[in-house]
Amino acid sequence: MTANMSNTVYYTPEVKGSEQAAAYSKTQGSVMRYIAFRDVPAFVAQYVRGTKALDYGSGTGCSAKLLLELGLDVVGVDISEEMLAQARLLCPETEFRLSNNGIVPASDQSFDLVLSGFVMFCIATQAEVVAYLKEAKRVMKPDGVFIAVTGSQDLFSKEWLTLNVDFPENKNLTSGAPAKAYHYESNIEFTDYFWTEQDYRNFFAQAGFELLEVHYPLGKVNEPYAWKDEKTHSPFVVFVARAI
Ligand SMILES: C[S@@+](CC[C@H](N)C(=O)[O-])C[C@H]1O[C@@H](n2cnc3c(N)ncnc32)[C@H](O)[C@@H]1O
């Protein structure tokens, strides 16, 4: 399918102005988000003991809303004030804090759960991903759980219901390379970074985490969506981890 590029909003990790933030807020309720986050509540029920949750890279608040719907006591943190402004509109009762210089504004060992929703593939270098994970570990309680939803290594090379990834830049991607995805439902073209499962495994190990789950959410036949390659491959991967 060819994208209608006329009103496309371009979203890169480096540029998150108010236009990008307002456009990103339209991904709330999208089918992309459905498949990515569908299985997160089951992992929360299985692994998380306690109610204190950090939405780490909360963006416009979509992932915070998911946590609120699970009955958790949520704080959202992001490095973008524009994204936080949108999040406060979506979740007016929730506290959203600005993170500066890679520091999460929260005390050590405060959270039972840290959720990282669509953040890790926005981070450009190995050192920054590891620093991001170490900061998550600092604010997690010793028995806390970290759940990340990020792009799979198939994200930029298959045919998806909700995303067009057929761009020349996406051929022969290597770790850390910028990659593009056009999201039909919100008319946004995203630039993210390509990381393999092995890259992510290395990042978690370097930051002092052990993995409890590596999960690829597939489209199911009983769902009301005309899944394409989602039937056999997942655009996303969910990691469940705890500190060693
Ligand atoms: C694609 S958005 C995802 C937002 C939201 N979690 C969701 O599920 O829609 C990624 C967000 O992560 C934020 N981010 C990137 N690096 C971060 C970091 N080191 N600490 C906190 N937030 C970060 C970005 O500013 C952006 O708002």
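As shown above, the structure is provided for reference.
About the thresholds
Residues numbered from 1 in each chain as written. Predicted model: local features only at pLDDT ≥ 70, side-chain atom pairs only at ≥ 80, totals over all residues. Heavy atoms only, no water. Helix = DSSP H or I, 4+ residues; strand = E, 2+ residues; numbered from the N terminus. Buried < 20%, exposed > 50% of the residue type's maximum accessible area, 1.4 Å probe, protein only. Right-handed = clockwise from strand over helix to strand, strands pointing away. Pairing = 2+ DSSP bridges.

## What about unusual backbone geometry?
Right, so step 1: Positioned with a positive phi, N101 is a non-glycine residue whose angle comes to about 55°.
Right, so step 2: Note that N101 resides in the loop between β4 (95-98) and β5 (111-117).
Right, so step 3: N101 sits in the exposed class, given a relative accessible area of 77%.
Right, so step 4: In this structure, Q109 is a non-glycine residue whose phi angle is positive, near 50°.
Right, so step 5: Among the secondary structure elements, Q109 is positioned in the loop between β4 and β5.

## Considerations on the pairing of strand β6 (residues 140-151)
Right, so step 1: Most of β6 is tucked away: 9 of the 12 residues are buried.
Right, so step 2: The handedness of the β5 to β6 crossover, carried by helix α6 (residues 126-139), is right-handed.

## Side note on the sheet that holds strand β7 (residues 163-164)
Right, so step 1: Across the sheet, which stays open at both edges, the 4 strands sit in the order β1-β9-β8-β7 with mixed pairing between neighbours. Where the open sheet ends on each side, the last strands, each with one partner, are β1 (9-11) and β7.

## Side note on the pairing of β5
Right, so step 1: Most of β5 is tucked away, with 7 of its 7 residues classed as buried.
Right, so step 2: Inspection of the sheet shows strand β2 (residues 52-56) paired to β5 by 3 bridges, in the parallel sense. In the sheet register, A53 faces β5, and the bridge partner there is L113.
Right, so step 3: Looking at chain direction, β5 and β6 are connected through 6 bridges and run parallel. Of the residues in β6, the one forming a bridge with G117 is V149.

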